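Each chain is listed here by its residues.
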Amino acid sequence: MNEKIRVRYAPSPTGYLHIGGARSALFNYLFAKKYHGDLVFRVEDTDIERNIDGGEESQYNDLKWLGIIPDESPYEPNEKYAPYRQMERLDIYRKYAEQLVAQGDAYYCYCTSEELEERKESQLQAGIKATKYDRKCLNLTKEQIERYKKEGRKPCIRIRLKENHTITFNDLVRGKVTFTCDDLGGDFVIMKSNGIPTYNFAVVVDDHLMDITHVFRGEEHLSNTPKQIAIYEMLNWKAPQFGHMTIIVNENGKKLSKRDHNILQFMSQYRELGYLKEAIFNFILLLGWTPENNQEFFTMKEAIEAFDPKRLSTSPSTFDPKALIFMNSHYIKQLSDQDYLEFIKPHMVKVMDLSHLTDEQILQIANLYKEELGYGEQIVEPLNNIMNPKEITNEEELKMVSSELAKKVYATFINELNSLSEITKDNLKQVFKNVQNLVGVKGKDLYMPIRLKLTGVSHGIELINIVNILGKDEVISRLSK
Ligand code: GLU
């Protein structure tokens, strides 16, 4: 490849960074970096009503968090290509739209949406299923135009699609794809009457002016591509190469919808739950791309080296939350003490006051869970069981904690604890042994009443560790209740 590779990730700030968006961004980034090219972050903010506060910033920050660092963006502009927000480029789109009108490849349309609706309706009643614009404004006379203007109508601009024209392109993922212009749903609008371009037009102008060479994006855009190519042809511009990635489906094979609440889909949700960026990155990487050697874990550097768009899958990619948890747990286990502490503290503080503990003490507690954590937030429930014990409601358990034997166990246990000057694991082991001998119970009969009385639940980490976390006074107070 001789030309400089330039790709882009072009989110609409109508929401936060979604798994699908992150995947598009990642594959564009890997492709660019593999061939020493640039990634452009462009903001497609023309849907002004749906833009949300902080949408742009959060998309940008979440990308960076994942290690996908744009080379150009509104925050690091290259003067040659700026500005990077579409709403700041309206004059540019107008210029090219007018050029298309002058060439006869586009035309002003004065129809109002009510009129369009009405005509569709009457055609439907006549038994004609009208899906295309009827070209009422294609050949308006000067007088008609004057009249519309006097009425105060503001025109939009529609592309004039060629008839019997075929558009073919070589998709980097799915090979040769062919559409005819008749498939494109009629003369579509490129500039709305409010002077804002539509997506299909703005994207062409920007990709061309920003020297974009390759576009990897989701399959939902496949049907947009011939519309865009039609515009490239009219403007006599070379189109970039397109690659459309397959859809992401849930475990039932259904396309992941943003309303699918069984699967979390936004980066921010994963961050908050305590997923590590290494895991998310790795997961997204394997969501629709298969390495040659079945390698399971990748660093960014390795991924760049290994990336080959030919190995993007051609069948839907299944989002398997269990695989993500597995990967996350793998990376959690690898965290250094310092990193683990930083990672886990925000979750622990939700259920316990850490202010009087040293980092070493916190780590001691946190380490009890490290091996089992799928994600950070999973420490909350078991810790909460210890810090804020549940009331026992199960009858069998109630019986167990209030039996004569249990009372003996508690009293003896308290006595033994009181005799300790210092609590260590070894000391506690000895305490349990002494209680076993003094009361004459062992195993479940010894441990379960204590566990239940202390935490209200019959499962959890090793009892010795629970006693260790709670400390002597708290244990004694709970057992004496
Ligand atoms: N703004 C579009 C989107 O968010 C970008 C599509 C494209 O990559 O062309 O879907």
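Residues numbered from 1 in each chain as written. Predicted model: local features only at pLDDT ≥ 70, side-chain atom pairs only at ≥ 80, totals over all residues. Heavy atoms only, no water.

Q: Quick question: what am I supposed to make of the pattern of salt bridges here?
A: Per the stated rule, a full pass over the model turns up 29 salt bridges. A salt bridge links Arg147 to Glu151, with the shortest nitrogen-to-oxygen separation between them at 3.9 Å. Since its relative accessible area comes to 47%, Glu151 is described here as partly exposed. For Arg174, the salt bridge goes to Glu219, with nearest N and O atoms at 3.2 Å. Placement of the pair is Arg174 in the loop between strand E5 (166-171) and strand E6 (175-180) and Glu219 in the loop between strand E8 (214-218) and helix H7 (225-235), with a sequence separation of 45 residues. Look at Glu219 and you get partly exposed, because its relative accessible area is 27%. Each of the salt bridges in this network shares a partner with another, and the network as a whole consists of Arg8, Arg42, Glu44, Arg89, Asp206 and Asp207. (Salt bridge = Lys/Arg side-chain N within 4 Å of Asp/Glu carboxyl O. Buried < 20%, exposed > 50% of the residue type's maximum accessible area, 1.4 Å probe, protein only. Helix = DSSP H or I, 4+ residues; strand = E, 2+ residues; numbered from the N terminus.)

Q: What's the story with unusual backbone geometry in this structure? I'm lost.
A: It is generally the case that most residues other than glycine have a negative phi and that most peptide bonds are trans. Cis geometry is found at the peptide bond from Ala82 to Pro83, where omega equals -5°. Here Pro83 shows up in the loop between helix H2 (55-66) and helix H3 (90-103). The backbone of His36 sits at a positive phi, close to 55°, despite the residue not being glycine. With respect to the helices, strands and loops of the structure, His36 is situated in the loop between helix H1 (19-34) and strand E2 (38-41).

Q: When you look at a negative patch on the surface in this model, what are you seeing that I'm missing?
A: Side chains of Glu114, Glu117, Glu118 and Glu121 sit close together on the surface and give a patch of like negative charge. Take Glu121: it is sitting in helix H4 (residues 113-125). (Patch = residues over 30% accessible without salt bridge, like charges linked within 9 Å, V, L, I, M, F, W, Y side chains within 5 Å. Areas by Shrake-Rupley, 256 points an atom, 1.4 Å probe, with all protein chains shown as cover. Lys, Arg positive; Asp, Glu negative; His and termini not counted. Charge placed at Lys NZ, Arg CZ, Asp CG, Glu CD.)

Q: Help me understand the sheet that holds strand E7 (residues 189-191) in this model?
A: Hydrogen bonds between backbone atoms are what pair the strands of a sheet, whose relative direction is either parallel or antiparallel. Ordered by their spatial adjacency, 3 strands build an open sheet running E3-E4-E7, and the pairing between neighbours is antiparallel. The strands lining the two open edges of the sheet, one partner per strand, are strand E3 (106-109) and E7. On average, adjacent strands in this sheet sit at an angle of 45° to one another, irrespective of strand direction. Both E3 and strand E4 (residues 156-159) contribute to a ladder of 4 bridges, which runs antiparallel. When the sheet's bridge partners are listed, Cys109 is paired in E4 with Cys156. Where H3 meets the sheet, it contacts E3, E4 and E7, and its direction lies at approximately 130° from that of E7. (Pairing = 2+ DSSP bridges. Axes fitted to C-alpha atoms, helices over the stretch in contact; angles between N-to-C directions. Contact = heavy atoms within 4.5 Å.)

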